[in-house]
Amino acid sequence: MLAPGPKRMDMEAVAEDFVRARLNAEALLDFPGTIPTTLNTAYAYQDRAIALWPDNVAGWKVGRIGPPWLERVGEDRLVGPIFRRGIRLAPPEAVIEFPVFEWGFAAVEAEFVFRLAADAEPDKTLWTPQEAAEQVSTVHIGIETAGSPLGTIRELGPTVVVSDFGNNSGLLLGPAIADWRRRPPEALICETFIEGKPVGRGAAASLPGGPLAAMAFALGRCARRGLPMKSGYVIATGAVTGTHAIRVGQSARVRFEGIGEILCRAVAAAKTTRT
């Protein structure tokens, strides 16, 4: 583990500490600086960490912000980057291994994932769900592998979550849903199991406004940051059955009713070489 150091306001140092901990597969005992008080500051931390990370952004995850944090930060959702090498294809019946930070935070989240058909308008910062739907080429079943070297990331609040890549550690991308436009959110139902035991069940309708509202938020939020969406990006729209903690060696399964399932197993993260 990395020992807690003195609190620092230096954005560069905070981003470097998070990136170094992720690359070295080491845990952080505390937030490595002064916790941002606003989402805009937190996204500035995230921007710097993205610039330091040795991979390209290939999509974005969307997370919820609920009470009491909602009243403090003024937004009900957040975004974090999904990197190209963090996307793992999950074909039927295959058990996909994914890395987790020992002594950090690790969880699985059942998701409905959109893939963009074309580049989004770079100056368009407000989107409706209907406009977002026009940007979609395919919809997939998926699992976000939430993770951070900081074990207390969720307890410390959304500005900390945003600072460390939105608490994202990868995406397991399953098959496409052939007739998604004809399925209402209430009919997109999934259930999550860990070690064979059910831990959560829900429908896409449990996301406020549905998955397309989450995508509309992501399109606008990223455009306001000067990071408009690109053709082929994937958008994980939010945890449908909840955020389910998982440990090294444990297996998870998400069953998407009438569509398929994704099987996975958590393994210890290994040191990553900068390339």
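This one's a predicted model, so the numbers in the text were calculated from it and none came from an experiment.

Asks: Hey, could you run me through the packing of aromatic side chains in this one?
Replies: Two measures describe an aromatic ring pair: the distance that separates the ring centres and the angle between the ring planes. Counted according to the given criterion, the structure contains seven aromatic pairs. Ring geometry for Phe-18 against Phe-31: centres 5.6 Å apart, planes inclined by 65°, an arrangement best described as edge-to-face. Here Phe-31 lies in the loop between α1 (11-24) and α2 (39-52) and Phe-18 lies in helix α1, a separation of 13 residues in the sequence. We classify Phe-18 as buried; its relative accessible area is 2%. Note on Phe-31: relative accessible area 2%, which makes it buried. Their ring planes at 25° and their centres at 6.4 Å tell us that Phe-31 and Tyr-45 sit as a pair that is stacked. On the criterion of sequence distance, the pair formed by Phe-31 in the loop between α1 and α2 and Tyr-45 in helix α2 is long-range, its members being 14 residues apart. The exposure class of Tyr-45 is buried, given its relative accessible area of 5%. Against the face of Trp-69 rests Arg-72, its NZ or CZ located 4.6 Å from the ring centre. Here the guanidinium or amino end of Lys-124 rests over the ring plane of Trp-127, the centre of that ring lying 5.0 Å away.

Asks: I'm lost on the pattern of salt bridges in this one. Help?
Replies: Pairing is possible between side chains that carry opposite charge, provided their charged atoms lie close to one another. For the structure shown, the criterion picks out 16 salt bridges. As a salt-bridge pair, Asp-17 and Arg-20 come within 2.7 Å of each other at their nearest N and O atoms. Of this pair, Asp-17 and Arg-20 both sit in helix α1, three residues apart, which is roughly one turn of that helix. The exposure class assigned to Asp-17 is buried, which follows from its relative accessible area of 12%. Within the structure, one salt-bridge network assembled from shared partners comprises Glu-191, Arg-201, Arg-255 and Glu-257.

Asks: Which parts of the structure should I look at to understand unusual backbone geometry?
Replies: The phi angle of most residues is negative, glycine excepted, and most peptide bonds adopt the trans form. Cis peptide bonds are those with omega within 30 degrees of zero, and the linkage from Pro-67 to Pro-68 qualifies with -5°. As for its position among the elements, Pro-68 is in the loop between β1 (57-64) and α3 (69-73). A positive phi angle is found at Phe-165, which is not glycine, with a value near 55°. Relative to the helices and strands, Phe-165 resides in the loop between α5 (158-163) and β7 (168-176). Look at Phe-165 and you get buried, because its relative accessible area is 3%. Non-glycine residue Glu-195 carries a positive phi angle of around 55°. Given a relative accessible area of 46%, Glu-195 falls into the partly exposed group.

Each value, and the rule that gives it
Residues numbered from 1 in each chain as written. Predicted model: local features only at pLDDT ≥ 70, side-chain atom pairs only at ≥ 80, totals over all residues. Heavy atoms only, no water. Phe/Tyr/Trp six-rings, centres within 6.5 Å; stacked < 30°, edge-to-face > 60°. Helix = DSSP H or I, 4+ residues; strand = E, 2+ residues; numbered from the N terminus. Buried < 20%, exposed > 50% of the residue type's maximum accessible area, 1.4 Å probe, protein only. Lys NZ or Arg CZ within 6 Å of the ring centre and 35° of its normal. Salt bridge = Lys/Arg side-chain N within 4 Å of Asp/Glu carboxyl O.

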